[in-house]
Amino acid sequence: MTDLYQSQRAMRRMRKQAMDRGVIAILDVGSSKIGCLVLRFDGPDAFRGGDGVGALAGQSSFRVIGAATTRSRGVRFGEIHAMQETERAIRTAVQAAQKMAQTRVDHVIACMAGAQPRSYGLEGAIDLADSTVREEDVARVLSACEVPDFGDGREVLHAHPVNFALDHRSGLNDPRGQIGNRLACDMHVLTVESAVAQNLLYCIKRCDLELAGVASSAYAAGLSSLVEDEQELGAACIDMGGGATGVSIFIKKHMIYADSVRLGGDHITADISKGLQVPMATAERIKTFHGGVVATGMDDREMIEIGGDTGDYEHDRRSVSRAELIGIMRPRVEEILEDVRARLDAAGFEHLPSQQIVLTGGGSQIPGLDGLAARILGQQVRLGRPLRVQGLPQAATGPAFASAVGLCLFAAHPQDEWWDFEIPAERYPARSLKRAVRWFRDNW
Amino acid sequence: MRPLDGSPPPRRDPAPTRLSYRLHRLWLTPFFRALLRIGIPVFCLVFAAAWYVGDETRRAALFDTYYELRRSIEQRPEFMVAMMQIDGASPEVVQDIQEILAIDFPVSSFELDLEYMRGMVAGLDAVEKAELRISPGGILQIEVVERQPAVVWRSRDGLAVLDAQGHRVSALQSRAARPDLPLIAGDGAQDRVPEALSLFAAAGPIADRVRGLVRVGERRWDLVLDRNQRILLPETGALRALERVIALDQAEDMLARDIVVVDMRISARPTLRLAPGATLKTGNTRTTQAGAIEG
């Protein structure tokens, strides 16, 4: 785990550097689009200093000065499968965003949707040396968590301390300075396929950018589209992307579960393309203009020209009723939602005090989706849009940008993770000089 | 359905090449921008100027143009000085000034170094103070304050007239030319002219008998009277010693007697030296012819 610790700390240092320089880029590598936002940290909150979260949860510290999206290529299921193509797409987006911002960015925070995330709930407990909880004790209890075998080729993406308990008192957010004998903590760890993550890092490195942080896109979407009381009381955010649908569950402002379903809007498009025998581009256009999931009598009469350029008159003059289109789309949407339902059930979502479900992501714009989702997922369903951040262009305020906006919040004010605490002395390799120094500092 | 005129198909997913991406990032680098915006124009200008000046003939032409331009401005009638006017000087001094300045009018005022010329005029013996200015209308105005002659000084080189501060005013052909001025003589006398003048003033009661003052050994004065009488004055307190002698003379008519030297060098012990055979000649005063000493 020390490797991971070092690399994550290195990314945190990069983020600090970028903050000092005042400019950082957000890169959302999705299956249908690659978005890049350039943030400038010069708001009134940026120089506030001190502890805690500032006004508007730290959002007033930054401003979006550049935004660009490009059609994604080489990405499937939220994972990179053609690196050269993806690299070109990233270059396109970054260059356009830089051009709009009129500044050069060197640090980037990226997110990824796929890579088969897996959630683990870890718990650990220590006896306190003296009765007051100090920062080192927090670090010690975090490293005392029992780490399960993640399996080969998996890497930790997030490790959030979710809950602290001191003796019999549980539900503590910040145990520092409190008095007790035994400190216990619950930690949520999210692991991903390391090969997939490495591919993304490699692509970003090829674009001469330094990585200042990586986040799961389900987590980022949850940060931006769940409102504060939903995050506090318990809610699930369904981020319906192009190639993967992310699921994240929040309670007490911490993510406690994240997963992704390897189905998304691209599969709906592929169904339309196959069903109507049209190219993917046409299918995508038909889906966005005429798509839906609930058919009415009116839809039987609404005919859609689907066109074609084969030269065959009969083939090129085909039209299809909207009811037929809905007939193609609905089973696939149902399948996605059923899979999401299965993931939520596996996570024990029904035990949460509030079971709000928020649909976001580009796929959530299908008309009638909330009605369909209410039947499958539960009664409390709403469509979510990311919250508004300063300077974001109107074109980038839709639900498709939920994870990009969430990354902005992540960049401005990341939640404490395991590696934000100093590594305790006993975790250093024996005989290291650092360990001796730490031991001296802790004991004198 | 694109036209069949051979134009390439529209690119589906335009992406910048690696090179253009890097160039664009370089272009957005603030340091690089500043270098391009300031560094390159400055370099071009300096390089062009250096190349132009590098050639000998062009450089010469450049200097020629510069001097021609300068000359044409200097020669404008507004800056020309046509004549010289000298105030407060006697005709001889005027002639001297004209000789040493030796300006052939008309001349541009840029070519006149007034400070240097003032130094030259003030360097004349007869001139105490000089002011030069160019007044409107192209006149070089010289205002001169001449030195006032106070004593005649007889030195090894001949006669000279000095002013009250001991500055040389002019040479003198003969003592007879200025009989109104008192005479001093001896090496170093010219440095103590104010003292000599005060001694002459003190010797007022016997002024008709005074021939002059002689500086002895560059340290003390001898007052020489007619009939080869000498009053030897001390180094310090000469004026007081002279006043004592005058008082004695007025009381006792001492100097009218047959005395050659009144030695006041030691104030506690004034000494008289009688002329040889003075006792024999009492009552038979001999007059010596008073007259100017030939220079």
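Bear in mind that the values here come from a model prediction, so they are computed numbers and not experimental data.

A. Just the overall build of chain B, in detail. When helices and strands are counted, chain B shows seven helices and 14 strands. Each of the 295 residues in chain B was classed as buried or not, and the buried ones make up 33%. As presented, chain B carries roughly 19,100 Å² of accessible surface, and 57% of it is formed by carbon and sulfur atoms.

B. Seen up close, the pattern of salt bridges. All names here are of chain A. Overall, the coordinates contain 41 salt bridges over all chains when judged by the stated rule. Note that E284 and K287 form a salt bridge whose closest N and O atoms lie 3.9 Å from each other. Of this pair, E284 and K287 both sit in helix α8 (residues 280-290), three residues apart, which is roughly one turn of that helix. Here E284 falls in the partly exposed class, since its relative accessible area comes to 31%. By relative accessible area, K287 is classed as buried at 14%. One salt bridge in this structure joins D345 and R341, with 2.8 Å as the shortest N-O distance. Pair noted here: D345 and R341 are both in helix α11 (residues 322-347), with a separation of four residues, about one helical turn.

C. Main features of the interface of chain A and chain B. With 20 residues of chain A in contact, the opposing surface of chain B contributes 18 residues. Buried area between chain A and chain B, summed over both chains or domains, comes out near 1,700 Å², and the portion from carbon and sulfur atoms is 41%. Of all residues in chain A, A:R91, A:Q95 and A:R104 give up the largest surface area on contact with chain B, accounting jointly for 36% of the area buried on that side. In this assembly, chain A and chain B are joined by three salt bridges. Our count for the contact surface shared by chain A and chain B stands at ten residue pairs in polar contact (both at pLDDT 80 or more). With eight residues, the top contributor of residues to the side of chain A that touches chain B is helix α2 (residues 83-101) of chain A. For the side of chain A that touches chain B, a count of residues per class yields four nonpolar, five polar and eleven charged.

D. Focus on the nonpolar core. Residues and elements named next belong to chain A. L27 and L39 are the most contacted members of the largest nonpolar core, which has 74 residues in total. The greatest single-element share of this core, amounting to nine residues, is contributed by helix α13 (residues 402-412). The contact partners of L27, leaving out residues within four places of it in the chain, are I34, G35, C36, I90, V94, V108, I109, A110, C111, I204 and L407. In this structure, L263, I272, L369 and L372 belong to the second largest nonpolar core, which totals 38 residues.

E. Region of the structure containing the packing of helix α2 (residues 30-54) of chain B against helix α3 (residues 56-74) of chain B. All names here are of chain B. For the pair α2 and α3, the least separation of the axes is 6 Å and the interaxial angle reads 95°. Regarding the angle of α2 to α3, the classification is roughly perpendicular. Across the interface between the two elements, W51, Y52, V53 and G54 from α2 touch E56, R58, R59 and L62 from α3. A per-class count over the contact of α2 with α3 returns four nonpolar, one polar and three charged.

F. The arrangement of the packing of aromatic side chains in detail. Throughout the structure, instances matching the rule amount to eight aromatic pairs over all chains. Plain terms: the ring middles of A:F41 and A:F62 are 5.8 Å apart, the flat faces sit at 55° to each other, and that makes the pair tilted. With A:F41 in the loop between β2 (33-40) and β3 (63-71) and A:F62 in the loop between β2 and β3, the pair connects residues that are 21 residues apart, well separated along the chain. Side by side, A:F41 and A:F62 carry an identical accessibility label, which is buried. Seen from their ring centres, B:F79 and B:F110 are 5.1 Å apart, and the 75° between their planes marks the pair as edge-to-face. Taken together, the residues span a long stretch of sequence, with B:F79 in the loop between α3 and β1 (80-81) and B:F110 in the loop between β3 (107-108) and α5 (114-122) at a distance of 31 residues. Taking relative accessible area as the criterion, B:F79 reaches 30% and is therefore assigned partly exposed. Among the residues examined, B:F110 registers a relative accessible area of 46% and is labelled partly exposed.

G. Here's a closer look at the sheet that holds strand β12 (residues 230-232) of chain B. Residues and elements named next belong to chain B. On the basis of which strands lie adjacent, the open sheet formed by nine strands has the order β8-β7-β6-β9-β10-β11-β12-β13-β14 and mixed pairing. Looking at strand neighbours, the two that pair on one side only are β8 (168-172) and β14 (271-274), the edges of this open sheet. When strand polarity is set aside, the average angle formed by the axes of neighbouring strands in this sheet is 25°. One ladder, built from three bridges, connects strand β6 (residues 149-155) with strand β9 (residues 183-185); its direction is parallel. In the sheet register, V152 faces β9, and the bridge partner there is L183. Those strands touched by helix α6 (residues 193-202) are β6, β7 (158-163), β9, β10 (210-216) and β11 (220-225), and its axis lies near 145° from that of β10.

Rules used in this analysis
- Residues numbered from 1 in each chain as written.
- Chains lettered and ligands numbered in written order.
- Predicted model: local features only at pLDDT ≥ 70, side-chain atom pairs only at ≥ 80, totals over all residues.
- Heavy atoms only, no water.
- Helix = DSSP H or I, 4+ residues; strand = E, 2+ residues; numbered from the N terminus.
- Buried < 20%, exposed > 50% of the residue type's maximum accessible area, 1.4 Å probe, protein only.
- Areas by Shrake-Rupley, 256 points an atom, 1.4 Å probe, with all protein chains shown as cover.
- Salt bridge = Lys/Arg side-chain N within 4 Å of Asp/Glu carboxyl O.
- Contact = heavy atoms within 4.5 Å.
- Buried area = accessible area lost by both parts, 1.4 Å probe.
- Polar contact = N/O pair within 3.5 Å; in protein donor to acceptor, adjacent residues only side chain to side chain.
- Nonpolar A, V, L, I, M, F, W, Y, C, P; charged D, E, K, R; others polar.
- Core = buried A, V, L, I, M, F, W, Y, C linked by side-chain atoms within 4.5 Å.
- Axes fitted to C-alpha atoms, helices over the stretch in contact; angles between N-to-C directions.
- Parallel < 35°, antiparallel > 145°, perpendicular 65-115°, else oblique.
- Phe/Tyr/Trp six-rings, centres within 6.5 Å; stacked < 30°, edge-to-face > 60°.
- Pairing = 2+ DSSP bridges.

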